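Summary of the model geometry
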Amino acid sequence: SSSEAPSQGKRGADEKARESKDILVTSEDGITKITFNRPTKKNAISFQMYRDIILALKNASTDNTVMAVFTGTGDYYCSGNDLTNFTSATGGIEEAASNGAVLLRDFVNSFIDFPKPLVAVVNGPAVGISVTLLGLFDAVFASDRATFHTPFSQLGQSPEACSSYTFPKMMGSAKAAEMLLFGKKLTAREAWAQGLVTEVFPESTFETEVWTRLKTYAKLPPNAMRISKELIRKNEKEKLYAVNAEECTTLQARWLSEECMNAIMSFVSRKPKL
Amino acid sequence: SSSEAPSQGKRGADEKARESKDILVTSEDGITKITFNRPTKKNAISFQMYRDIILALKNASTDNTVMAVFTGTGDYYCSGNDLTNFTSATGGIEEAASNGAVLLRDFVNSFIDFPKPLVAVVNGPAVGISVTLLGLFDAVFASDRATFHTPFSQLGQSPEACSSYTFPKMMGSAKAAEMLLFGKKLTAREAWAQGLVTEVFPESTFETEVWTRLKTYAKLPPNAMRISKELIRKNEKEKLYAVNAEECTTLQARWLSEECMNAIMSFVSRKPKL
Amino acid sequence: SSSEAPSQGKRGADEKARESKDILVTSEDGITKITFNRPTKKNAISFQMYRDIILALKNASTDNTVMAVFTGTGDYYCSGNDLTNFTSATGGIEEAASNGAVLLRDFVNSFIDFPKPLVAVVNGPAVGISVTLLGLFDAVFASDRATFHTPFSQLGQSPEACSSYTFPKMMGSAKAAEMLLFGKKLTAREAWAQGLVTEVFPESTFETEVWTRLKTYAKLPPNAMRISKELIRKNEKEKLYAVNAEECTTLQARWLSEECMNAIMSFVSRKPKL
C-alpha cells in the first residue's frame, strides 16, 4: 500500500495524521489502544506506521488517556521493521538510511518520553524493534503463543530502542547478548524468566484475563501513576536519549554496510520465515 | 500508644532513645536484631518507630555488631507507614507532610549508610516502605507466608526508599512497574523470581533454618564483609542519596494532593484490609 | 611447576608468550579456545597463567578470531586464584600484593576490552575470579555439574573482576550479597536463575550441544556482532575501568590484612576442599 512508501517529504509532527488502516488507534475506559494492523505483512512497520505511532503517542500524552496499550491484529504481534523500507527507497540507499535513522530516533524518543503507563499485549510472535522497545514499557503481557526474536546479527544490523542498555540492565550481559548478538529466539516463558515479560497467559484466556486486568489498572489514580512513572524514568532519561542517539548513528552506518545489504537482499528475495 | 504521636519536638539523633516497645533491639552472637513489635497494628511504623530505627542502625554501625537483622512480631512482617501519622498530626497536614519528608529521608539514608551486612527475615506480609527498603538489603529471607505489596497508586502516593531506582534495576521495568505503578501484590515465590527475595523457606522450618544460617554468616571475618559491602555500595551511593531526596520531595507533594488525601481518608475510615 | 613463580621480572605485553601448557590456546572455525589446563591443581590460576591469558585475548582481539571461548580441562572449570601466588612470593608479601594488584587490573581490563563475543563453557566447579569474570562474558553455558562459588569473606578477601558492580546489577543486591559477602555456593540451576548463566545442559550432552551451537554462532556476520557488543559495552566501559581499579586497590590492602593472611595460611596448610 502507499503507506509503505519510504519518504513522503517533511511532515511536521503536529500535522494531522492521514487516515491509515495499518495503525489503528481507539480509546475506551481511559485506555488508548494502538494496534499494529497489517496482518498480511505480519504487522511489519512501514515508515508511515512509525509516523502514525509517534503521533498517536503524542496525542495520548496530553489527552485524557490514562494508559496506552499496544497489540497486534492476527497471528503476529509485530514482525519488526519492514525491510522494504530500504529496498523500495526512491532517493537511494544513503538517503533512506539517513531518513530512517532520524525517524527511528524520533520514534524511540516518543516511547522514552511517554508520561503515562505503557503496556504491551503481545498476542503472538514479536520480532526486532517490537521486542527491543519492550524494555521501555511498564508492563508486558504475553500469550503463550508469543515468541521474542531479535536477529540483528543475522541481518547484519545492531540493536535499537535502547536495548543495548535496557536488556543487559534487565537480564545481565550473558542473557542479553544471547538475544542481541546471537539472535536466540525466546519462548514467552523464557522471556518472562529474563524479565522482558511481566506475565504469561494461556492463549485460550489471554485476551479476557489481560483486558480485565488493564481495565482495573486504568481506574487507579492517574496522577499517582504518572508521577511514579516520572520518578522511575527520571533516573535514566538522559542516559536513554544518549543511548538511542548512539544506536541510531550506529545503525545508519550498518544499513550501508555490505554485510547488511547482503543480508537484507537475501532476506527480501526469499520467502520470509522469521 | 503515645509512641504513635506524630511529632514530639526535635530530638537530636545522638539523644539516647527513649524506651519504646514498638521497636525491640537485641544483640547476640554479633547479630543485632531489630524487631517491628506492634502486632496490634500489624507492625505499622509510627513516626517514633522511624526515629527508633534510625538510632538502632546508628548504634549498630559503630558498636561490635557484625550484622543487623530486621524481623516482625506476630503474623505480619510490617504493614508499612502508619497512615495515622498524617491524620493525627496536630500541626496541620502541611507541617506533617514537611516533617514526614525530612524524617523519611533521614530514615532511608540510615539504610543507605549502614556499613555492615543487613538482612531481612520476612516472617509474614510486608507492605509499602517495608517492601521498598528491601532493595537496600544484603539478604532477604522469606517465609512462604510472606507477601510483598506496594499499593502506592491505590493510596495516591509514590515509591520511596530508592525503589524507583532499585526495583527497575533489579527486576526490569516491566516487573518493577507492576509493583510500583499498579500495586500488584506478590507471593514470596514471585518476589524471589524477581530478585527481591534471596530465598523462600517453608513456614514450618523458616525460623530455625534462617537463624542457623545467619549465625554461621555472622562468624565470617567482619572486616572482609564490611569492606566488600563498601565496594558494592560505593558504586551507587551518590545516586541513592539523590534518588532518596527526589522521592521524598515528590512524596511530600503527593501527601498534600487531593488524590492522596481522599485515598488516605477512605483507607483510615474503613477496616484496613491490605 | 616453574609457571607458578610469582614474579619473573617485567615482561612486555607484546613479548611472545613462553610455551606454557597450563593455558592452552587453539583456533578452529573462527573460534579461539582458551583452556585452563592445570587439572592437577584444579586449574588454579598462577601468575604466569594470568599473563598467558592477557596475551591470548590480545592476540584474539586483532587476528581473524570471530569469538573467544574459555573452558577447563578435567573435572574443574577453574578453582580461582592460586593462593600460593602469595605464599611462594620471593620478594616478600608486600611486593607480591603490589605486583598481584597490577597484574589483576591488567588481566580484568583485558576482558573489559575484548571486542568480540566472549563465551564461557563451564564444564565443572568454578571458584573465585573464574566466577566473578563471568559478569563480563557474553554467554555462559554450564554443565549441570558446574557450581559457582566466591568465598571471599571466608578467605578475608573482597570481590574482583568488576563483580561488585556487575553482580548487583545483574541479580539485585539481595542475591549478589549472598554470593559476594556470605560466600554461598550456587548450583548451575541457581546461577542460571540469577542471570549468571545463560543456559544449563545435562552433563551427558553438554559438550556436544554447546559446541554445535557455538559453531553456528561463529558463522554469523562478525562485524555485526562486534559492533553490537561495542554498543553494549560503551554504556559502561568507563564505569568498569573505575570499578576494576577500585577493587584492585581494595584487594591489595586486603591481602596484607591479618584476616586475609590468617585465612590464606589456614587454607594453604590444609587439604583444599573448596
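Residues numbered from 1 in each chain as written. Chains lettered and ligands numbered in written order. Predicted model: local features only at pLDDT ≥ 70, side-chain atom pairs only at ≥ 80, totals over all residues. Heavy atoms only, no water.

**Observations regarding the overall build of chain A**
The condition is simple: Secondary structure elements are defined from DSSP: runs of H or I of at least 4 residues count as helices, runs of E of at least 2 residues count as strands, and each element is numbered from the N terminus. Radius of gyration: over C-alpha atoms. The globule rule applied is 2.2 Å multiplied by the number of residues raised to the 0.38 power. In this scheme, a residue with accessible area under 20% of its type's maximum is buried, one over 50% is exposed, and one in between is partly exposed, where area comes from a 1.4 Å probe on protein chains only. Note on definitions: a residue-residue contact is assigned when non-hydrogen atoms from the two residues lie within 4.5 Å. Method for areas: the Shrake-Rupley scheme with a 1.4 Å probe, in which residue coverage is limited to the protein chains shown. His is not counted, nor are the chain ends, whereas Lys and Arg count as positive and Asp and Glu as negative. Throughout, a charge is located at the NZ atom of Lys, the CZ atom of Arg, the CG atom of Asp or the CD atom of Glu.
When helices and strands are tallied, chain A shows 11 helices and 9 strands. Whereas a compact globule of 274 residues would reach a radius of gyration of roughly 19 Å, chain A reaches 18 Å, a difference of no more than 12%. Principal-axis analysis of the C-alpha atoms places the extent of chain A at approximately 50 × 40 × 35 Å. Counting the 274 residues in chain A, one finds 62% classified as buried. Taking as baseline every contact in chain A between residues at least 6 positions apart, the subset at least 24 positions apart corresponds to 75%. Of the roughly 10500 Å² of accessible surface on chain A, a fraction of 52% belongs to carbon and sulfur atoms. Each charge sign in chain A was given a centre, from 32 positive and 31 negative side chains, and these centres are 2 Å apart.

**Observations concerning the packing of aromatic side chains**
All names here are of chain B. We count it as follows: Each Phe, Tyr or Trp ring (for Trp, its six-membered ring) is paired with any other whose centre lies within 6.5 Å, and the angle between the two planes then decides the class: stacked below 30 degrees, edge-to-face above 60, tilted in between.
Under the counting rule described, the total for this entry stands at 31 aromatic pairs over all chains. On the numbers, 5.9 Å between centres and 40 degrees between planes, the contact of F36 with F70 is tilted. Here F36 is found in strand β2 (residues 31–36), whereas its partner F70 is found in strand β3 (residues 67–72), with 34 residues between them in sequence. Like F36, the residue F70 is buried in the burial classification. An angle of 40 degrees between the planes, with centres 5.4 Å apart, marks the rings of F70 and F111 as tilted. With F70 in strand β3 and F111 in helix α3 (residues 93–113), this pair connects stretches of sequence that are 41 residues apart.

**Describing the side chain of C:N123**
All names here are of chain C. Selection criterion: N or O atoms closer than or at 3.5 Å make up a polar contact, with two conditions inside protein: a donor-capable atom paired with an acceptor-capable one, and, for residues adjacent in sequence, both atoms drawn from side chains.
Within the secondary structure, N123 is located in the loop between β4 (118–122) and β5 (126–127). Note on N123: relative accessible area 6%, which makes it buried. A polar contact of 3.0 Å, which involves the side chain of N123, links it to the backbone oxygen of G74. The residues contacting N123, other than those within four sequence positions of it, are T71, G72, G74, D75, Y76, Y77, S143, R145, E203, F206 and E207.

**Some words on the sheet that holds strand β8 (residues 186–187) of chain B**
All names here are of chain B. As a reminder of what qualifies: Two strands qualify as a pair provided DSSP detects at least 2 bridges between them.
Across the sheet, 3 strands lie side by side as β5-β7-β8; this open sheet has mixed pairing. Sheet topology places β5 (126–127) and β8 at the edges, where each strand pairs with a single neighbour. Two elements, β5 and strand β7 (residues 147–149), share 2 bridges in a ladder whose sense is parallel. Looking at β7, one finds that V127 is bridged to H149.

**Some points on the environment of B:A126**
Residues and elements named next belong to chain B. By the secondary structure assignment, A126 is in strand β5. Accessibility expressed as a relative area gives 0% for A126, which makes it buried. Expressed as a C-alpha distance, the spacing of A126 and K185, which sit 59 residues apart in the sequence, is 9.7 Å.

**Here's the deal with unusual backbone geometry**
Residues apart from glycine generally show negative phi values, whereas peptide bonds are mostly found in trans. Residue and element names in this part refer to chain B. One non-glycine residue, N43, lies in positive phi territory at about 60 degrees. Examined against the element boundaries, N43 turns out to sit in the loop between β2 and α1 (47–62). Residue A161 is not a glycine yet carries a positive backbone phi of 60 degrees. By the element assignment, A161 lies in the loop between β7 and α5 (163–171).

**Here's the deal with a negative patch on the surface**
Inclusion rule: Patches here are clusters of residues that have more than 30% relative accessible area and form no salt bridge, with a 9 Å joining cutoff for like charges and a 5 Å cutoff for nonpolar side chains (Val, Leu, Ile, Met, Phe, Trp, Tyr). The term salt bridge refers to a pairing of a side-chain nitrogen on Lys or Arg with a carboxyl oxygen on Asp or Glu at a separation within 4 Å.
Residues A:D75, A:D144, A:E203 and A:E207 make up a contiguous surface patch of negative charge. Relative to the assigned elements, A:D144 resides in the loop between β6 (139–143) and β7 (147–149).

**Section: the relation of the copies chain B and chain A**
The criterion, for reference: Copy-to-copy superposition: least squares on the C-alpha atoms, limited to residues that have pLDDT of at least 70 in both copies.
Mapping chain B onto chain A leaves a residual RMSD of 0.0 Å; the transformation is a rotation of 120 degrees accompanied by 0.0 Å of translation along its axis. Viewed as a symmetry operation, the transformation between the two copies matches a three-fold axis. When you check the interface residues of chain B against chain A, a mere 3% turn up at the interface there too, and the two sides of the contact use different surfaces.

**As for the packing of helix α5 (residues 163–171) of chain A against helix α10 (residues 237–255) of chain A**
Residue and element names in this part refer to chain A. Applicable threshold: Working convention: axes come from line fits to C-alpha atoms, limited for helices to the stretch in contact. Angles between N-to-C directions cover 0 to 180 degrees. What sets the label is the angle itself: under 35 degrees gives roughly parallel, over 145 gives roughly antiparallel, 65 to 115 gives roughly perpendicular, and the rest give oblique. Residues are sorted three ways: Asp, Glu, Lys and Arg are charged, Ala, Val, Leu, Ile, Met, Phe, Trp, Tyr, Cys and Pro are nonpolar, and all the rest, Gly among them, are polar.
Two elements in contact, α5 and α10, have axes separated by 9 Å at closest approach and are oriented at 125 degrees. As judged from the angle between their axes, α5 and α10 are oblique. Contacts between α5 and α10 involve S163, S164, Y165 and T166 from the former and K239, L240, V243 and E247 from the latter. Its residues assigned to classes, the contact of α5 with α10 shows 3 nonpolar, 3 polar and 2 charged.

**Thoughts on the environment of B:V197**
Position of B:V197 among the secondary structure elements: in the loop between α7 (188–193) and β9 (199–201). With 18 residues separating them along the chain, B:V197 and B:K215 place their C-alpha atoms 19 Å apart. With residues up to four places along the chain from it excluded, the contact list for B:V197 reads B:V140, B:A142, B:F148, B:A188, B:A191, B:W192 and C:K175.

**A word on the relation of the copies chain C and chain A**
Laying chain C over chain A is done by rotating through 120 degrees and shifting 0.0 Å along the axis; what remains is an RMSD of 0.0 Å. Here only 3% of the interface residues in chain C have copies in chain A that are interface residues too; the copies meet through unlike faces.

**Some remarks on the interface of chain B and chain A**
How we decide: Here the buried area means the combined drop in accessible surface, using a 1.4 Å probe, for two parts upon being joined, counting both sides.
Counting from both sides, the interface comprises 29 residues of chain B and, opposite them, 32 residues of chain A. Summed over both partners, the interface of chain B with chain A comes to about 2500 Å²; 61% of that surface belongs to carbon and sulfur atoms. Looking at the side of chain B facing chain A, the largest losses of area belong to B:K175, B:L181 and B:F182, adding up to 26% of the total buried there. Run the count over chain B and chain A and you get 3 salt bridges. Here B:K184 makes a salt bridge to A:E199, at a shortest N to O gap of 3.6 Å.

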